[in-house]
Structure formats: C-alpha cells, structure tokens
Amino acid sequence: MSGILRRAQRGGVVAAVVVAAALLGGCAGSGGAGAPVGSSSPAVAEGVSPPAPTSPSPTPSPAPSGAPVPPARGEVPARLTVPALGLDEELIDLGIGTDGTMEVPQDFSRVGWFTGGGRAGGIGPTVLAGHVDSAVGPAVFFDLGLLQAGDRFSVTDVAGAVFDYEVYRAEDFPKDEFPTGEVFGALLDDEVRLITCTGLFDESVGHYKDNRVVFAARVA
Amino acid sequence: MSIQRTARRRTGIIGLGGAALAGGVLVFGAAAPAHAETEVAEPSSFTSAFTVMATPDQVLNADGVATPGPAGASGTFDFRVNSDLDIICYDITVTGISGDYMSPAKTATHIHQAAAGKAGPPRIAFPNPAPVGDGPRTSSGCLQGPFTTGIVNNGVDTGDGFTLAQLEADSAAFAADTHTAANPAGAVRGQLSQVPVGGVQTGGGGAASALAVPATPDAAGATAGAVAAAAIGVVGLGLAAGVALKRRRDGIAG
C-alpha cells in the first residue's frame, strides 16, 4: 500500500486511477494477464538518484606497518528514528525462520533488525523490517514508501551512539525475485536497509507480492 | 559498491561463461578441464543463502598461522544454495589485489571447511574472479555437485563426498578465500554468514481489505478487489496516512 501511496503522490490522482481502472479491466477477466501494479520487473522509484553514498568508511586506516587492520564491526542497533515519517522505534531481534526466510515482528507495531547482518557503525548492511499493515489496518512501516533519495534517518546503538544515514535508493522487488545479495550481502561500507511489503495483496496466500526496500548509506 | 553489485546481479547469468573461461585460463597449473562439476543455470528457488566479508586480516596459512594478505584488499562472496539439487550460485567480487592467482587446486578461489581461526581443506573451487589487474575482479554463476577441487589427500579429492547439505548444517564451519602468487596463503578470507532467502512477509493485508471493493469468491475477483484497493487508496492518501500514525501509536496489531 505504501508504494501505491507513493505513486499517487508523484504521478497524480487522475493518472493513477486511470491505470488502476485499466488493470481492473485487464486482470478481472483474464486472471492476471495484465501486469499487476508493482509486481512485474523491479521498478525504481521515480526521482531516486543513482547511488552516491558518502558514508564514512568504518574501515580503519592501515597500521603504519602496512599490516591490514580488521574493519569495525559495529554495535547492536537499538532504535530507529525517521523524522520524516514520525517514527521513533525500539528495535527487536529477528533471525531466520525454519523456511529460510527472514523472521518478521509478531507485533505489527514493532520494527526488528536482522541479527545475522551488519550492525550500526560497522561494515555491512544493517537490515530493518516492519509491517506495512496488519490484518486489520495500517502498521508501523505503512508510510515507508514515502521515503525518497536524500531523506535522512538515524540508528542508535545499545551504547547510545547515533549514526545518521541518507537514502540513496528505494525500489520495489517481486518477492519471488528478491535480490538477496543486494539487500543482505556483505559490504565494506556502513549501510542500512529498510524493508516492508508493497504491491498487490494476494488473498490466496495472505501476503503482498512485492517488497519495498529502502537503501541508505551512512553520512555521519 | 552498490552500483557494481546491481549491475553484476542483473547480468550474472550472461556473464557466467566469460568469467568461467577467464578463471580457467588464469589458473596456474590447470591443464585439466577447469571443472569436473557442472556449470548450470540458476535454479528457480534456493534453500539457503550466505554472505562473506573477506578481508586480509583473516587469512591463515595451512598450519593455521595468521598470514595476512595485502592491506586494502577485500572481497565479497554471496552464495545462494539449493541443497536439494546440490547447486550453489556465487557472486564474488575482490578488490585491492594484484597479480595472477596461484593455488595447487584447480582454481584459486574456494570454500574451505575451516572454522574461524582454523585452517581446513577446500571443498568447492570456483572460477577465479576476472579480469586480472588492479581493478575489481568478479565471478558469477552456478555450480552443481559432485564437486572436486584438484587437491588430493590420501588419494581422495577434498571435494569428494562433499554436499551442500553439509554446508547448510554448519555454515559457520566454512570460510571462503582466494589465493594469489603474491599471497599464496590467501589474499582475503572470511567466514560464511547465513542470510535469509526470498522475500520478507511484512504485511497482513488489513489496509488493502479496508479499502477494497466487496470481494468476490473467485480468484479473479480477489485480484480485482486488490487492484481496486490500490485505486481507492490513491484517493484516500491523506486520511490513510493519518490513520496509520494513530494506529501505530496506539499499538494496534492484528
């Protein structure tokens, strides 16, 4: 839903309604022959600039002897603050489920971080996930689709240190083509991924078809 | 890094042949075919995934003694596994290394059965990242077992009998690295770290249902209802956002 709202803001109500009407005509009778909203090839959000992170490197400079120095691994993240969305949320731990997918918060009002990924202030992507809605209404990441390139937010670690990140990319991905490496893959930079659902809700399985992923790099 | 990773992902399958060829040509002493295992197309699904941040400070020699690679070198190894099919797909990028590869194995880029701080035998040999030079080197594709490495201990190849189910059972016991002539013990190395596969199920559909037209019992009707929710949601943007904030602060969850 957040992606839908985002498109509405940028594309205009009239255009969006026309598109939706066309989709209704194309899908209702054909069983989905027309491409559903947000469930075809990945679509980069309009107005998102090419990645240009200027994150401070968490990798220490080589020692004077020239010997390599282990890169900083960071600390456990404790809080996500997104002023543009009015969010200030404590984080809960999320792991990997028995089916191999990322665990998600059982409480639809909570945001969680993937404990097997990066950590605030260290190398690698710190991956945070929250629901766009529950079974009864909007949830904590309902507005995530509004974040655009240039927006900033912060992550506070358990020691109280605050790290600022800037969005450089926001993109929707079909779940069956989820870019595991781009989202969870190792990095020498300090980055954050914010994940929620978007696109069409498939009532037959009880899930949205797509994920919205916001990519952000550390700036301070 | 992100730009490179995006481009590589989208061209990974196309680039497989070239990377494999380059790797085979560049391997020292690789007179035999570069791979006994089969290079295959990407499967439709995966049972697990792993990532590795390989750095020079983690390199050990065969005796387990710290033998750092060159300062400034690094590597990322992203693996996706379908253990039912014994297929591993790899996306490898190394930077900050120079010169040719060197290894007694049939390639110089491996997964070793080696826990953190320990040495261990290679179990899988991947095509070496290319091109050789001072810039970034990449290697992408998918391999299907049975695997061979070209390293023979007691008459048995160290890849013999190894399956990806073993890797999934204890991924922390495995490391990835690449070896060069300048750093035969390894230029970079890192432990495998498991990451999720597939999409993330972060929605219950309540917002869609609240805005949807009356549902019809058939699947086509359900799809139409969801699309209708999209259309109506456009109009209700401001109101819906306000409701979202209130619900969140009230701690409403389904």
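Residues numbered from 1 in each chain as written. Chains lettered and ligands numbered in written order. Predicted model: local features only at pLDDT ≥ 70, side-chain atom pairs only at ≥ 80, totals over all residues. Heavy atoms only, no water.

Asker: What am I meant to see in the overall build of chain B here?
Answerer: Along chain B, the regular secondary structure elements total six helices and 12 strands. Taken across its 254 residues, chain B has 51% of its residues classed as buried. Expressed as a percentage of contacts within chain B between residues at least 6 apart in sequence, the contacts between residues at least 24 apart total 67%. When the accessible surface of chain B is split by element, carbon and sulfur atoms take 60% of a total near 9900 Å². (Helix = DSSP H or I, 4+ residues; strand = E, 2+ residues; numbered from the N terminus. Buried < 20%, exposed > 50% of the residue type's maximum accessible area, 1.4 Å probe, protein only. Contact = heavy atoms within 4.5 Å. Areas by Shrake-Rupley, 256 points an atom, 1.4 Å probe, with all protein chains shown as cover.)

Asker: Help me understand the state of the cysteines in this model?
Answerer: Any covalent bond linking the sulfur atoms of two cysteines counts as a disulfide. Residue and element names in this part refer to chain B. Across all of its chains, the model carries one disulfide over all chains by this definition. Here Cys89 is linked by a disulfide to Cys142, with a sulfur-sulfur distance of 2.1 Å. Here Cys89 and Cys142 share a disulfide; its torsion about the S-S bond, 100°, makes the bridge right-handed. Of the two residues, Cys89 is situated in strand E4 (residues 87-95) and Cys142 in strand E7 (residues 137-144); the sequence distance between them amounts to 53 residues. Overall, Cys89 belongs to the buried group, its relative accessible area being 0%. (Disulfide = S-S within 2.5 Å.)

Asker: Honestly, the sheet that holds strand E6 (residues 122-126) of chain B in this entry has me stumped. Any pointers?
Answerer: The strands making up a sheet associate through backbone hydrogen bonding, with each pair oriented either parallel or antiparallel. Residues and elements named next belong to chain B. Spatially, E6-E5-E10-E11 is the arrangement adopted by the four strands of the open sheet, whose pairing is antiparallel. At either end of the open sheet lies a strand with only one pairing partner, and these are E6 and strand E11 (188-191). Taking each pair of neighbouring strands and ignoring which way they run, the sheet shows an average axis angle of 20°. Relative to strand E10 (residues 175-178), strand E5 (residues 109-112) is paired through four bridges, and the arrangement is antiparallel. (Pairing = 2+ DSSP bridges. Axes fitted to C-alpha atoms, helices over the stretch in contact; angles between N-to-C directions.)

Asker: Would you mind going over the packing of aromatic side chains with me for this structure?
Answerer: Where two aromatic rings form a pair, the distance of their centres and the angle of their planes describe that pair. In the structure shown here, the tally under the stated rule is 11 aromatic pairs over all chains. Their ring planes at 25° and their centres at 5.3 Å tell us that Phe79 of chain B and Phe126 of chain B sit as a pair that is stacked. Of the two residues, Phe79 of chain B is situated in strand E3 (residues 74-82) and Phe126 of chain B in strand E6; the sequence distance between them amounts to 47 residues. Aromatic ring contacts, followed pair by pair, group Phe77, Phe79, Tyr90 and Phe126 of chain B into a single cluster. The lysine or arginine in question, Arg169 of chain A, covers the ring of Phe215 of chain A, its NZ or CZ lying 4.3 Å from the ring centre. (Phe/Tyr/Trp six-rings, centres within 6.5 Å; stacked < 30°, edge-to-face > 60°. Lys NZ or Arg CZ within 6 Å of the ring centre and 35° of its normal.)

Asker: Please explain the pattern of salt bridges as it appears in this structure.
Answerer: Think of it this way: side chains of opposite charge can pair up when their charged atoms draw near. Residues and elements named next belong to chain A. Taken as a whole and assessed by the stated rule, the structure comprises 11 salt bridges over all chains. For Arg193, the salt bridge goes to Glu191, with nearest N and O atoms at 2.6 Å. With respect to burial, Arg193 and Glu191 carry one shared label: buried. Each of the salt bridges in this network shares a partner with another, and the network as a whole consists of Arg79, Asp88 and Glu90. (Salt bridge = Lys/Arg side-chain N within 4 Å of Asp/Glu carboxyl O.)

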